[in-house]
Amino acid sequence: MKSLKKFLMGNKNVFKTLVFICFFSLNFNLNAQINWANDGDSYYSLDKNELVAYTLPNNEAKTILSKVQLTPAGRTEPIKVAHFTFSSDQQKVLLFTNTQKVWRLHTKGDYWVFNFKTNTLTQIGKTLAASSLMFAKFSPDGNSIAYVSEYNLYSEDYATGKIQPLTSNGTVSLINGTFDWAYEEEFSCRDGFRWSHDSKSIAYWQIDASAIKKFYMINNTDSIYSQLIPLEYPKVGEKPSVCRVGVVNLSDAKTNWINVPGDASQNYLVRMEFIPSTNNLLIQQLNRKQNKSTLYIADALKGNTKIIQEESDEAWVDLFQIGDPYQIDYTNNFSFLKETKSILWASEKDGWRHLYQISLEGKPETLITKGEYDVIDLKHINLKEGYVYYLASPDNATQKYLYKSKLNGKGKNELVSPESLKGTHNYSFSADGTYASHTFSNHYTPETNEIITVSNHKALNEEESILKRVKELEEKPTVEFIKIKTADNIEMDGWMVKPSNFDPKKKYPVVFYVYSEPAGATVNDIYRAGQNGLYVGDMAEDGYIYISLDNRGTPAPKGRAWRKSIYRKIGVININDQAMAAKEILKWDFVDAERVAVWGWSGGGSATLNLMFQHPEIYKTGISIAAVANQLTYDNIYQERYMGLPQENMEDFVAGSPITYAKNLEGNLLYIHGTGDDNVHYQNAELLLNELIKYNKQFQFMPYPNRAHGIYEGEGTRKHLSTLYTNYLKLHCPPGGR
């Protein structure tokens, strides 16, 4: 129940869909994947299906794995590499190919190993089903490779090719080494096993979803008779999947289960990792309501555990995810500080998201970052320097900058990004922190990148210097960033795109793009902010005002109170903020109050329905895509985190659900849903249709047969959706000044 970041990546939900359309594009332009070498002075990247090494500071390129070397014996074409990872000594590289999608990402496929010493290419897991291997990775000593196939965990001896099953009971409902739909969707948990430091054992998650009720989707298009598609999907109010952690010894394939306290069907295990150079595991547990986090140290040999840290929140405890959870190699590991035998930890307990050192030995914690600002993302820990580098933006919640603070908590935070480059920065650090790939954009500057020396933030090549090139890159701004203060004294960030030939004496239609839930913010100062990827043509040229606003509850870096004010009030507080802001905008002389439209996808689709139903006096036209019409239909992890348990506060679920207010529809509604949506089920559409029909509310409905949450499958689908969207908007909210 979120909105659109992953349009091209198979869509998680459409913030995970529309964020891409509107403004997401902070990927490295160096190549699709950049992999820093151990020495910190070079990196690797794929270039036209060849692996290239770049040596710094001169960025000298050398092909180390050619198409010829990537061509298996007996074949004429090289394997097509989608992703690569090195062994710890970087003498071997794992190559991922023939990928298939599992829920959201292409995490299943075939793996090959290229050995640089012997110049040989070898496929692993050859006796297992084709394209069935997941998350293959070398043991620390480089002699073995572990992977998951068909819900079971395996290890393979590289020298002999012998495959050893480490589990054998895996099924679609008993999952070893990876996760079920809900864990992946809501915790971004995919890779579910970890090697021990001595390469002798593997710790792994086991998910028992056998008690989870199946939700059945119907495929009516691929055969004469309909086909049922079962999905283990825990709806809000249902118990979670049972989860436990085991440690399997490679010598005998026997698993020792860790004794984590508490009812396994009322808690989640969201992080697990071996503590470096020990046989102990560090495990993070969240209770079902996700308002209490507990850190355990577990003895991997004996299975016993002890608590080292607990934290609670009146709303929910955020799982601070480091990096991009939509990358195939994403693993949300702990950040260990070996010298102090502690971990880097993020907490909002003082009202802001700050970094702490949490001792693994029971010593007092250390607050590292201080002040009224939020740490947005952790980028690098430099133990030699004694600094941690992170993204933050104390003065503008729509932007991101690199800062550093001393690990001992002394001194103030220091801005590292160039102060003159106003906008959004991102960084990928070399292993030793000497260099970093730096990416920058804002709403009038296309994404651009450089490799810098971190100590002085200077480009290695003056010709690539962003500071030197930025004026040439800048375009004429078309987006205006605004702040709206409501009658409730709530100030909201927003962006606005005015018509190209704007005349302040005329009145124009306004189109609001909404998401509004805790899964994503829409107002970010990056390139392509203000663009609508579903609109055929140019909204500004056609004469629309296009606006988006971030209400309370969105994950903007504005402090805990801002983000968690929405607890148990999704569908209420966010809708009130959006409507009150719209009322202020309708006071502007150039806005036509009779031509007001709103649209959104997923959580934004839900907000669109609520705005249309709860405030028909404001919103005359709405386009809602893949919306949650009834909050009781969505998954337990997301909905219970933000809304509590329906067994305890059902009234909040009713108050926040669009279906409650469907009888109030007065304007023009286009409602769109894919019948094969495994995220926000098509069930929502039928429930809402019945309610609208009951009250004789006329509307337009478009089901897309067998399409998932992103509505992208099938020939002509995206063109059809865009045409439908554009024609409906133009018909019911005509463009142009009057």
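All of these numbers come straight from a predicted model, not from anything done at the bench.

## Topic: the overall build of the protein chain
Right, on to step 1. Looking only at helices and strands, one finds 11 helices and 43 strands in the protein chain.
Right, on to step 2. Computed over the C-alpha atoms, the radius of gyration of the protein chain is 26 Å, within 12% of the 27 Å expected from 2.2 N^0.38 for a compact globule of 738 residues.
Right, on to step 3. Within the protein chain, residue pairs in contact and separated by at least 24 positions form 59% of the contacts whose partners lie at least 6 positions apart.
Right, on to step 4. Of the roughly 29,300 Å² that the protein chain leaves accessible, carbon and sulfur atoms contribute 48%.
Right, on to step 5. Side chains of the protein chain give 79 positive and 83 negative charges; the mean places of these two sets differ by 1 Å.

## What to know about the sheet that holds strand β23 (residues 305-312)
Right, on to step 1. Taken in spatial order, the four strands of this open sheet run β20-β21-β22-β23, and their pairing is antiparallel. In the strand order of this sheet, the two ends are held by β20 (267-274) and β23, each with one partner. Going across the sheet, the axis of each strand differs from the next one's by a mean of 20°, ignoring polarity.
Right, on to step 2. Note: β20 against strand β21 (residues 280-287), seven bridges, orientation antiparallel.

## Some points on the domain arrangement of the protein chain
Right, on to step 1. Structurally, the protein chain comprises domain 1 (29-164), domain 2 (166-322), domain 3 (334-442 + 444-473) and domain 4 (479-732).
Right, on to step 2. Computed from C-alpha coordinates alone, the two centres of domain 2 and domain 3 are separated by 31 Å.
Right, on to step 3. In total, about 1,600 Å² of surface goes out of reach between domain 2 and domain 3, with carbon and sulfur atoms giving 67% of it.
Right, on to step 4. Together, Glu-311, Phe-320 and Ile-322 form the three largest contributors to the area buried by domain 2 at its contact with domain 3, with a combined 32%.

## Here we look at the nonpolar core
Right, on to step 1. With 47 residues, the main nonpolar core has Tyr-183, Phe-187, Val-245, Ile-258, Leu-281 and Ile-283 as its most contacted residues.
Right, on to step 2. For this core, the secondary-structure elements that each account for two or more residues are α2 (181-187), β15 (201-208), β16 (214-219), β18 (242-249), β20, β21, β22 (292-299) and α8 (636-643).
Right, on to step 3. Here this core takes five residues from β20, the largest share from any one element.
Right, on to step 4. A domain split of this core shows at least three residues from each of domain 2 (166-322) and domain 4 (479-732).
Right, on to step 5. Once residues within four sequence positions are removed from consideration, Val-245 is found in contact with Tyr-204, Trp-205, Asn-256, Trp-257, Ile-258, Leu-269, Met-272, Leu-281 and Ile-283.
Right, on to step 6. Among the nonpolar cores identified, the runner-up in size contains 45 residues, and Ala-581, Leu-609, Ala-627 and Tyr-661 belong to it.

## Re helix α11 (residues 717-732)
Right, on to step 1. Its 16 residues place the ends of α11 23 Å apart at the C-alpha level, agreeing with the 22 Å of an ideal helix rising 1.5 Å per residue.
Right, on to step 2. Within the sequence span of α11, burial applies to Thr-717, Leu-721, Ser-722, Leu-724, Tyr-725, Thr-726, Tyr-728 and Leu-729.

## Thoughts on the packing of aromatic side chains
Right, on to step 1. For the structure on display, the rule yields 33 aromatic pairs.
Right, on to step 2. Both rings, one in Phe-512 and one in Tyr-619, keep their centres 6.0 Å apart while their planes meet at 75°; by these two values the pair is edge-to-face. Taken together, the residues Phe-512 in strand β38 (residues 508-513) and Tyr-619 in the loop between α7 (603-614) and β41 (621-625) connect sequence positions 107 residues apart.
Right, on to step 3. Judged by its relative accessible area of 2%, Phe-512 is buried.
Right, on to step 4. Note on Tyr-619: relative accessible area 1%, which makes it buried.
Right, on to step 5. Aromatic ring contacts, followed pair by pair, group Tyr-44, Phe-84, Phe-86, Phe-114 and Phe-116 into a single cluster.

## Overview of the environment of Gly-667
Right, on to step 1. Examined against the element boundaries, Gly-667 turns out to sit in the loop between α9 (646-656) and β42 (668-674).
Right, on to step 2. As a C-alpha pair, Gly-667 and Thr-486 span 181 residues in sequence and 24 Å in three-dimensional space.
Right, on to step 3. In contact with Gly-667, not counting residues within four places along its chain, are Met-612 and Lys-620.

## A few points about empty space enclosed by the protein
Right, on to step 1. Summed over all chains, the structure comprises three cavities of 30 Å³ or more.
Right, on to step 2. Here the largest cavity is characterised by a volume of approximately 140 Å³.
Right, on to step 3. If you tally residues by element for the lining of the largest cavity, the top one is strand β25 (residues 342-347), at three residues.
Right, on to step 4. Residue composition of the lining of the largest cavity, grouped by class: 10 nonpolar, three polar and three charged.
Right, on to step 5. When residues of the lining of the largest cavity are assigned to domains, at least three map to each of domain 2 (166-322) and domain 3 (334-442 + 444-473).
Right, on to step 6. If you add up the space inside the second largest cavity, you get close to 110 Å³.
Right, on to step 7. If you go around the second largest cavity, you meet 15 residues; those closest to its centre are Ser-188, Cys-189, Arg-194, Val-270 and Asn-332.
Right, on to step 8. Among the elements that take part in the lining of the second largest cavity, β20 stands out by supplying three residues, more than any other.

## Some details on the packing of helix α6 (residues 573-585) against α7
Right, on to step 1. Between α6 and α7, the shortest axis-to-axis distance is 10 Å and the interhelical angle comes to 65°. Of the two elements, α6 crosses α7, and the hand of that crossing is right-handed. Only Ala-607, Asn-610, Leu-611 and Gln-614 of α7 make contact with α6, whose side of the interface consists of Ile-575, Gln-578 and Ala-579.
Right, on to step 2. Split by residue class, the contact of α6 with α7 holds four nonpolar, three polar and no charged.

## Quick look at the environment of Thr-76
Right, on to step 1. Along the chain, Thr-76 turns up in the loop between β4 (60-65) and β5 (83-86).
Right, on to step 2. Distance from Thr-76 to Ser-428, taken between C-alpha atoms, is 36 Å for residues 352 residues apart in sequence.

## A look at the pattern of salt bridges
Right, on to step 1. Throughout the structure, instances matching the rule amount to 32 salt bridges.
Right, on to step 2. Between Asp-191 and Arg-194 there is a salt bridge, and its shortest N-O distance comes to 3.6 Å. Considered together, Asp-191 and Arg-194 belong to a single accessibility category, that of buried residues.
Right, on to step 3. Between Glu-463 and Lys-468 there is a salt bridge whose closest N-O contact spans 3.5 Å.
Right, on to step 4. Overall, Lys-468 belongs to the partly exposed group, its relative accessible area being 48%.
Right, on to step 5. The network of salt bridges with common partners includes Asp-313, Glu-348, Arg-353, Asp-374, Arg-560, Arg-563 and Lys-564.

## Observations concerning helix α3 (residues 466-473)
Right, on to step 1. Along α3, the residues classified as buried are Ile-466, Arg-469 and Val-470. In an axial view of α3, the angular spread of the buried residues amounts to 125°, which keeps them on one side of the axis. For α3, the exposed residues lying more than 90 degrees away from the buried face are Lys-471 and Glu-472.
Right, on to step 2. Among the structural elements, β33 (435-442) and β34 (445-453) are those in contact with the buried residues of α3.
Right, on to step 3. Its side-chain oxygen at 3.4 Å from the backbone nitrogen of Leu-467, Ser-465 defines the N-terminal cap of α3.

## A look at the pairing of strand β26 (residues 354-359)
Right, on to step 1. For β26, the tally of buried residues reaches six of six residues, placing the bulk of the element in the interior.
Right, on to step 2. The side-chain alternation of β26 yields two buried faces, one formed by His-354, Tyr-356 and Ile-358 and the other by Leu-355, Gln-357 and Ser-359.
Right, on to step 3. In the sheet, β25 pairs with β26 via six bridges, with the strands oriented antiparallel. Residue pairing in the sheet places Leu-344 in a bridge with Gln-357 of β26.

Calculation criteria
Residues numbered from 1 in each chain as written. Predicted model: local features only at pLDDT ≥ 70, side-chain atom pairs only at ≥ 80, totals over all residues. Heavy atoms only, no water. Helix = DSSP H or I, 4+ residues; strand = E, 2+ residues; numbered from the N terminus. Rg over C-alpha atoms; globule rule 2.2 N^0.38 Å. Contact = heavy atoms within 4.5 Å. Areas by Shrake-Rupley, 256 points an atom, 1.4 Å probe, with all protein chains shown as cover. Lys, Arg positive; Asp, Glu negative; His and termini not counted. Charge placed at Lys NZ, Arg CZ, Asp CG, Glu CD. Pairing = 2+ DSSP bridges. Axes fitted to C-alpha atoms, helices over the stretch in contact; angles between N-to-C directions. Domains from an automatic or database assignment. Buried area = accessible area lost by both parts, 1.4 Å probe. Core = buried A, V, L, I, M, F, W, Y, C linked by side-chain atoms within 4.5 Å. Buried < 20%, exposed > 50% of the residue type's maximum accessible area, 1.4 Å probe, protein only. Expected span 1.5 Å × (residues − 1). Phe/Tyr/Trp six-rings, centres within 6.5 Å; stacked < 30°, edge-to-face > 60°. 1 Å grid on protein atoms, 1.4 Å probe; cavity = no way out; pocket = protein on both sides within 12 Å on 5 of 7 lines; lining within 4 Å. Points joined across faces, edges and corners; volume = space filled by probe spheres on them. Nonpolar A, V, L, I, M, F, W, Y, C, P; charged D, E, K, R; others polar. Left-handed = near helix turned anticlockwise from the far one by under 90°. Salt bridge = Lys/Arg side-chain N within 4 Å of Asp/Glu carboxyl O. Arc of directions from axis to C-beta. Polar contact = N/O pair within 3.5 Å; in protein donor to acceptor, adjacent residues only side chain to side chain.

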